[in-house]
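Structural overview for review
Now for the letters of each chain:
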Amino acid sequence: MAEDAPPSPGGAITPLQQMLASGTGALLTSLFVTPLDVVKIRLQAQRTPFSKGKCFLYCNGLMDHLYVCQNGNGCTAWYKAPTRFTGTLDAFVKITRYEGVRSLWSGLPPTLVMAVPATVIYFTAYDQLRDYLHARAGSRGHHVPLVAGALARLGAVTVISPLELIRTKMQSRQLSYRELGACIRSAVAQDGWLSLWRGWGPTVLRDVPFSALYWFCYELARERLCRRARLDEATFAISFASGAVSGTVAAVLTLPFDVVKTRRQIELGDGETLRVPASKSSSTWLLMQRIRAESGTRGLFAGFLPRVIKVAPACAIMISTYEFGKTFFQKLNQERQRSGL
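From a predicted model like this one, the values you see are computed outputs, not experimental measurements.

Now for the overall build of the protein chain. Helices and strands together make up the secondary structure of the protein chain, namely ten helices and two strands. Its helices and strands taken in sequence order, the protein chain reads α-β-β-α-α-α-α-α-α-α-α-α from the N to the C terminus. Expressed as a percentage of its 341 residues, the buried residues of the protein chain come to 49%. Across the protein chain, the fraction of contacts at a sequence separation of at least 24, relative to all contacts at a separation of at least 6, is 73%. As presented, the protein chain carries roughly 18000 Å² of accessible surface, and 63% of it is formed by carbon and sulfur atoms.

This is the structure we're talking about:
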């Protein structure tokens, strides 16, 4: 059983405790970051109303999710509420005043069903892989965070990708679970099992390099800040600052892949909801060339500021909460060990 598993040699906590720490961090991150994206979507819907069946991206600070507008101009969902805003701050104030504070977290519960497990898999796998690789490579393993981060994210994306596609099908076609089963069997019979992983490629091309860069920068920044502060263990503030800096660096360097992934995800959603046939030639690299031809190199870095504003605090909150949780369980295990002697 997981509860009886021996503590990991690197962190002195069990995998179950790592899961609890990462799950808590995931929930807190989504609670802090979701209002920013809800306001962004409401402003976007005010400028360009969503038509029936049109997809848009919703980010809870952990993952991007496809949402589908169900009823066109008559839609009464949270993203079609009639309140008018003059800007971001005005939107925060009016949503809170006229619709209630809870409206800032509209649409969050359905996305957490996948985002929290994906984050738990990702962070727990990273710690386990890092400890294993460090044990094999020793102190010379400066590449370990790169490899462990890439492999952990690859595993999490591969597990979650079919579930996100299934969620989009259910939302867009209003399917029951029985109808969903028939729909999946039909898709598998027609296009094979790999059809459940459509959209996996662009997601991997963005998320795997992001994770590799993020963990490499995070471990490096944390080590240097600890050394400068003459500390053996990172404090909450050091983890927070290291997470924000490493998240910013990784977000900027992988921005072109994020632009492509966003476009591909919207295309995939439109294909499911509006029955728009997928473009045969829209490979990631061809799509990057097309964006560059249409908008120049700047087009590949579109949305630079919004992405950094969203990613930096999300990374900072997630990693600092996760490290705090691990420290808590570490001290708890040490106290239990002492009392057992």
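As a further point, take the packing of helix H3 (residues 108-137) against helix H6 (residues 200-229). Direction vectors running N to C along H3 and H6 enclose 60°, while the axes themselves pass 13 Å from each other. Here H3 is positioned oblique relative to H6, judged by the angle of their axes. In this structure, H3 meets H6 at a crossing whose hand is right-handed. The segment H3 lies against H6, with Tyr122, Phe123, Tyr126 and Arg130 engaging Ser211, Trp215 and Glu219. When the residues that make up the contact of H3 with H6 are grouped by side-chain class, the tally is four nonpolar, one polar and two charged.

Let us now look at the UniProt feature "transmembrane region" (unreviewed entry) in the protein chain. As annotated in UniProt, the feature "transmembrane region" (unreviewed entry) corresponds to residues 20-39, 104-126, 146-166 and 234-257 in the numbering used here. For the annotated span residues 146-166, helix accounts for 100% and strand for 0% of the residues, and the straight-line distance between the end C-alpha atoms is 31 Å. In residues 234-257, the share of helix is 88% and the share of strand is 0%. The end C-alpha atoms are 32 Å apart.

Looking now at the side chain of serine 320. Here serine 320 shows up in helix H10 (residues 304-340). Separated by 3.3 Å, the side chain of serine 320 and the backbone oxygen of isoleucine 317 make a polar contact. Each residue touching serine 320, except ones within four places of it in the same chain, is listed here: Phe236, Ser239 and Phe240.

Here we take up the packing of aromatic side chains. Taken as a whole, this structure holds twelve aromatic pairs when the rule is applied. Ring centres 3.8 Å apart and planes at 15° place the aromatic pair tyrosine 126 and tryptophan 215 in the stacked group. In this pair, tyrosine 126 is assigned in helix H3 and tryptophan 215 in helix H6, connecting sequence segments 89 residues apart. Centre to centre, the rings of phenylalanine 236 and phenylalanine 324 are 6.4 Å apart; their planes meet at 85°, and the pair counts as edge-to-face. Residue phenylalanine 236 is located in helix H7 (residues 236-253), and its partner phenylalanine 324 is located in helix H10; the two are separated by 88 residues in the primary sequence. Classification of phenylalanine 236 by relative accessible area gives partly exposed; the value is 45%. Aromatic ring contacts, followed pair by pair, group Tyr122, Phe123, Tyr126, Phe210, Tyr214, Trp215, Tyr218 and Tyr322 into a single cluster. Positioned above the aromatic ring of tyrosine 122, the side-chain terminus of arginine 153 is 4.0 Å from the ring centre.

With that settled, consider the nonpolar core. Formed by 34 residues in total, the largest nonpolar core has its most connected members in Tyr58, Phe123, Phe210, Tyr214, Trp215 and Ile319. Among the elements of the structure, helix H1 (15-47), strand S1 (55-59), H3, helix H4 (144-173), H6, H7 and H10 are those that each provide at least two residues to this core. With seven residues, the next largest nonpolar core counts Val259, Val260, Met288 and Ile291 among its residues.

In this section: the confidence of the model for the protein chain. Of the residues in the protein chain, 80% have a pLDDT of 70 or more, and the chain-wide mean is 81. Across residues 1-11, confidence stays below pLDDT 50; counting only partners more than four residues off in sequence or on other chains, it has 17 contacts. Here residues 72-76 is modelled with pLDDT under 50, and outside its nearest four sequence neighbours on either side it reaches seven contacts, counting other chains as well.

Turning our attention to unusual backbone geometry. The phi dihedral of arginine 230 is positive, around 55°, even though this residue is not glycine. Among the secondary structure elements, arginine 230 is positioned in the loop between H6 and H7. The exposure class of arginine 230 is exposed, given its relative accessible area of 79%.

Looking now at the environment of phenylalanine 210. Among the structural elements, phenylalanine 210 can be located in helix H6. Between the C-alpha atom of phenylalanine 210 and that of phenylalanine 257, which follows or precedes it by 47 residues, the distance is 9.5 Å. Residue contacts for phenylalanine 210: discarding those within four places in its chain leaves Gly247, Ala250, Ala251, Thr254, Arg307, Val311 and Cys315.

Compared with an ideal rise of 1.5 Å per residue, which puts 33 residues at 48 Å, H1 spans 46 Å between its outermost C-alpha atoms and is within 8% of the ideal. Within H1, the axis deviates most sharply at valine 33, by approximately 35°, and proline proline 35 lies no more than four positions further along.

Moving on: the pattern of salt bridges. As enumerated under the stated definition, the model contains 15 salt bridges in all. Across the pair lysine 40 and aspartate 37 runs a salt bridge whose closest N-O atoms are separated by 3.3 Å. Separated by three residues within a single helix, lysine 40 and aspartate 37 lie in helix H1, roughly one turn from each other. According to the relative accessible area criterion, lysine 40 is partly exposed, its value standing at 37%. Of the charged contacts in the structure, one is a salt bridge between arginine 42 and glutamate 99, with a shortest N-O distance of 2.8 Å. Placement of arginine 42 in helix H1 and of glutamate 99 in helix H2 (residues 88-99) is noted, with a sequence separation of 57 residues between them. Taking relative accessible area as the criterion, glutamate 99 reaches 27% and is therefore assigned partly exposed. The network of salt bridges with shared partners includes Asp127, Arg130, Asp131, Glu219, Arg222, Glu323 and Lys326.

Scoring rules and cut-offs
- Residues numbered from 1 in each chain as written.
- Predicted model: local features only at pLDDT ≥ 70, side-chain atom pairs only at ≥ 80, totals over all residues.
- Heavy atoms only, no water.
- Helix = DSSP H or I, 4+ residues; strand = E, 2+ residues; numbered from the N terminus.
- Buried < 20%, exposed > 50% of the residue type's maximum accessible area, 1.4 Å probe, protein only.
- Contact = heavy atoms within 4.5 Å.
- Areas by Shrake-Rupley, 256 points an atom, 1.4 Å probe, with all protein chains shown as cover.
- Axes fitted to C-alpha atoms, helices over the stretch in contact; angles between N-to-C directions.
- Parallel < 35°, antiparallel > 145°, perpendicular 65-115°, else oblique.
- Left-handed = near helix turned anticlockwise from the far one by under 90°.
- Nonpolar A, V, L, I, M, F, W, Y, C, P; charged D, E, K, R; others polar.
- UniProt positions renumbered as here; feature names shortened; annotations may be inferred.
- Polar contact = N/O pair within 3.5 Å; in protein donor to acceptor, adjacent residues only side chain to side chain.
- Phe/Tyr/Trp six-rings, centres within 6.5 Å; stacked < 30°, edge-to-face > 60°.
- Lys NZ or Arg CZ within 6 Å of the ring centre and 35° of its normal.
- Core = buried A, V, L, I, M, F, W, Y, C linked by side-chain atoms within 4.5 Å.
- pLDDT = per-residue confidence, 0-100.
- Expected span 1.5 Å × (residues − 1).
- Bend = angle between axes of the 7 residues up to and from the residue.
- Salt bridge = Lys/Arg side-chain N within 4 Å of Asp/Glu carboxyl O.

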